[in-house]
Amino acid sequence: MKTLIIELRKEKRTGVIPLLLLVGILGAAYAFINFIVRKDTLLNLPLAPMDVLLTQLYGMIMVLNMFGIVVAACMVYNMEFKGTAIKKMYMLPISVPKMYLCKFFILTVLLLTAIVLQNLALLKIGISDLPKGTFEMDTLLKFTAYSFITSMPTLSFMVLVSSRSQNMWMPLGIGVAGFLSGMALAGSNVSLLLVHPFVVMLKPAVAMSAQLDNGIAIIAMAETSLLLGIGLWMAKHLRYE
Amino acid sequence: MDYIITTERLTKKYKNFISVNKVSMHIQKGSIYGFLGPNGAGKSTTMKMLLGLTSPTGGRFTVDGGHFPDDRISILKKVGSFIESPSFYANLTGRENLDIIRRILGLPESAVNDALDLVGLAEFGNRLAKKYSLGMKQRLGLAGALLGRPPILILDEPTNGLDPSGIHEIRNLIKSLPSLYDCTVLISSHMLSEIELMADDIGILNHGRLLFEGSLDELRQNAVQAGFAADNKISSANLEDMFLSMIDKDNAVRKQRAQL
């Protein structure tokens, strides 16, 4: 808890917290505006109303979340490397893996908040704009959890990458490359490509149904845990040199 | 003797050179130990090893009876340090930077003001650290090391970047610390004239090897024996000559060895 409070205090003026909240608000605003403008077109698609609500708006929301994760992860470690503050942390009686875990936790909570904001917008649209009797609350909740779980490998990967790069442009470049390659590969059915964390995040966006894919959810959780484990191990074993 | 830091044949070998070569140091509790050597002698690397920032490739050391990595947290609780350049969060003010360290160390809030006062930074505490001048950043780094008045201080060239009056002020502060709150100071410099004004004991390092370890008086005696002082009167200039001669002699031996 002490480490978490310290990490939160370090975030002051970095813009990490406002950034991910803004991503949530922008995603929610996009969903509202898109549904107001394209309501008839969307509801006339040959899809179930819940599938329209959850899959047709998710693409842009997911891109916003992805960029939010990439930039926030870069910022969260850039403040450690700028002014070599991390060197001071290594010389203080604080657990470096705990520090890593707290940064990961802060970003996770912020991403979850952004996703909740976006899905509150979908809830409002679902209740007021979908044909009567077609809105399913449990489907929305499941899809919210699914989109959060499939976003986590990207977050875990980006925290790991940014914790190892003193130059912020490196993880930022890797993030952009991850996004572009993920976009190119997401449509493929080759299971091996799911090792790519960005592909996992993009999967719900390229699906035409709001039905959850348990296999992808399990892979996402495994990847998240594995990348987090690697990050913690590296934080413990690789020292400042 | 009551030693608080000891190293035994401490070695740090990189791929193609040896930065620290079998150094055995003995730092007495409550003393100021001046760690002297030209640039690249291995002073910072030795200090980094003592703080667990880099691991030795040979030998061992103890800090107040503790070993790295097993006792990392308990050792670092007792050590205030300042290595190479000041480290700070650019997005935070000087006071907020020290508050982060205070929270890690579990100190009362008053410790921040105490440290700011000690280094003469109290009136600039609310300015963003990134807007500090080099000298102010240096003072902030020192304040971070002095926070909570730790029993051991490891300071690597702490007066770098300070103006002459700043150097004088910080030097007097460091000199007063053992009597102020009974701490032990390990301070490095490449200038004997500076160390001479503060240290009780001296270690002279060149190309990773410890050429001399002893009290300042012993160094003076050596200077007399080596013929660096006329009429047995030792001045700072004599000691500086003695130091430079030791370095030159060691460099010549190394060169000769390399040619063979």
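The structure displayed is predicted, hence computed values, not measured ones.

Undergrad: Let's hear about the overall build of chain B: which residues, and what values?
TA: Across its full length, chain B carries nine helices and ten strands. Across its three principal directions, the C-alpha atoms of chain B cover 55 × 45 × 35 Å. Taken over 260 residues, chain B has a buried fraction of 45%. In chain B, the share of contacts with a sequence separation of at least 24, taken over all contacts with a separation of at least 6, comes to 67%.

Undergrad: Before we move on, can you summarise the packing of helix H4 (residues 58-81) of chain A against helix H7 (residues 137-164) of chain A with the specific residues and values?
TA: All names here are of chain A. Where H4 contacts H7, the axes come no closer than 9 Å and their chain directions differ by 25 degrees. The angle between the axes of H4 and H7 places the two elements in the roughly parallel class. Here the hand of the crossing between H4 and H7 comes out right-handed. Along its contact with H4, which presents Tyr58, Asn65, Met66, Ile69, Val70, Ala73, Cys74, Val76 and Tyr77, the element H7 presents Ser147, Ser151, Thr154, Leu155, Met158, Val159, Ser162 and Ser163. Of the residues belonging to the contact of H4 with H7, the class tally is eleven nonpolar, six polar and no charged.

Undergrad: Tell me about the nonpolar core, residues and numbers included.
TA: In this structure, A:Ala72, A:Ala73, A:Leu107, B:Ala115, B:Ala143, B:Ile154 and B:Val185 are the most contacted members of the largest nonpolar core, which totals 142 residues. In terms of residues, this core owes the most to one element, helix H6 (residues 96-129) of chain A, which gives 15 residues. Look past the residues within four positions of B:Ala143 in its chain and what remains in contact with it is B:Leu98, B:Ala115, B:Leu116, B:Leu118, B:Val119 and B:Leu121.

Undergrad: Could you give me a rundown of the interface of chain A and chain B, with the residues and numbers involved?
TA: Taken together, the contact between chain A and chain B spans 22 residues of the former and 25 residues of the latter. Elements with a minimum of two residues in the side of chain A that touches chain B: helix H1 (2-10) and helix H5 (85-90) of chain A.

Undergrad: Explain helix H3 (residues 94-105) of chain B to me, and be specific about the residues and the numbers.
TA: All names here are of chain B. Between its first and last C-alpha, H3 extends 17 Å over twelve residues, near the 16 Å set by a 1.5 Å rise per residue. Along H3, ten of the twelve residues are buried, which leaves the element largely enclosed by surrounding structure. Those residues of H3 that fall on the buried side of the exposure criterion are Gly94, Arg95, Glu96, Asn97, Leu98, Asp99, Ile100, Ile101, Arg102 and Ile104. Positive backbone phi, approximately 65 degrees, marks Gly106, located one or two places after H3.

Undergrad: Before we move on, can you summarise unusual backbone geometry with the specific residues and values?
TA: Residues and elements named next belong to chain B. In the Ramachandran plot, Glu84 falls in the positive-phi region, its phi being about 60 degrees despite a non-glycine side chain. Structurally, Glu84 is set in the loop between strand E6 (79-82) and H3. Assessed through the 15 C-beta atoms surrounding it within 10 Å, Glu84 is described here as partly exposed. Of note, Arg149 is a non-glycine position whose phi angle comes to about 45 degrees, a positive value.

Undergrad: I'd like a description of the pairing of strand E8 (residues 184-189) of chain B, backed by residues and values.
TA: All names here are of chain B. The buried count for E8 comes to six of six residues, which makes it a mostly enclosed element. Residues Thr184, Leu186 and Ser188 line one face of E8 and the alternating positions Val185, Ile187 and Ser189 line the opposite face, and both faces are buried. In the sheet, strand E4 (residues 32-36) pairs with E8 via five bridges, with the strands oriented parallel. Among the inter-strand pairings, Leu36 is bridged to a residue of E8, identified as Ser189. Bridge count for strand E7 (residues 152-156) against E8 is five bridges, and the pairing is parallel. In the sheet register, Leu155 faces E8, and the bridge partner there is Ile187. For the crossover that starts at E7, traverses helix H6 (residues 164-181) and ends in the parallel E8, the hand is right-handed.

Undergrad: A description of the confidence of the model for chain B should follow, citing residues and the corresponding values.
TA: All names here are of chain B. Model confidence for chain B is summarised by a mean pLDDT of 88, while 95% of its residues fall at 70 or above. Here helix H9 (residues 236-259) stands out as the element of chain B with the lowest mean pLDDT, 78, in contrast to H3, whose mean of 95 is the highest. For this predicted complex, the interface confidence comes out at an ipTM of 0.86, alongside a pTM of 0.89.

Undergrad: Give me the lowdown on the sheet that holds E7(B), citing residues and values where you can.
TA: Residues and elements named next belong to chain B. What the six strands build is an open sheet, ordered E6-E7-E8-E4-E9-E10; its pairing is mixed. Looking at strand neighbours, the two that pair on one side only are E6 and strand E10 (209-215), the edges of this open sheet. Each strand of the sheet is rotated relative to its neighbour by a mean of 15 degrees, with strand direction disregarded. The strands touched by H6 within the sheet are E4, E7 and E8, with E8 carrying the most contacts at an inclination of about 160 degrees. Those strands touched by helix H8 (residues 216-225) are strand E9 (201-206) and E10, and its axis lies near 110 degrees from that of E10.

Undergrad: Can you tell me about the environment of B:Asn21, naming the residues and giving the values?
TA: Residues and elements named next belong to chain B. Structurally, Asn21 can be placed in strand E2 (residues 18-23). Judged by the 20 C-beta atoms lying within 10 Å of it, Asn21 falls in the buried class. Apart from the residues within four sequence positions on either side, Asn21 is in contact with Thr11, Gly208 and Arg209.

Undergrad: I'd love a proper account of the environment of A:Ala72, names of residues and values included.
TA: Residues and elements named next belong to chain A. Counting through the fold element by element, Ala72 comes out in helix H4. Assessed through the 27 C-beta atoms surrounding it within 10 Å, Ala72 is described here as buried. The spatial distance from the C-alpha of Ala72 to the C-alpha of Met60 is 18 Å, given a sequence separation of twelve residues.

About the cut-offs
Residues numbered from 1 in each chain as written. Chains lettered and ligands numbered in written order. Predicted model: local features only at pLDDT ≥ 70, side-chain atom pairs only at ≥ 80, totals over all residues. Helix = DSSP H or I, 4+ residues; strand = E, 2+ residues; numbered from the N terminus. Buried ≥ 20, exposed ≤ 12 C-beta atoms within 10 Å, placed from the backbone. Contact = placed C-beta atoms within 7 Å. Axes fitted to C-alpha atoms, helices over the stretch in contact; angles between N-to-C directions. Parallel < 35°, antiparallel > 145°, perpendicular 65-115°, else oblique. Left-handed = near helix turned anticlockwise from the far one by under 90°. Nonpolar A, V, L, I, M, F, W, Y, C, P; charged D, E, K, R; others polar. Core = buried A, V, L, I, M, F, W, Y, C linked by C-beta atoms within 7 Å. Expected span 1.5 Å × (residues − 1). Pairing = 2+ DSSP bridges. Right-handed = clockwise from strand over helix to strand, strands pointing away. pLDDT = per-residue confidence, 0-100.

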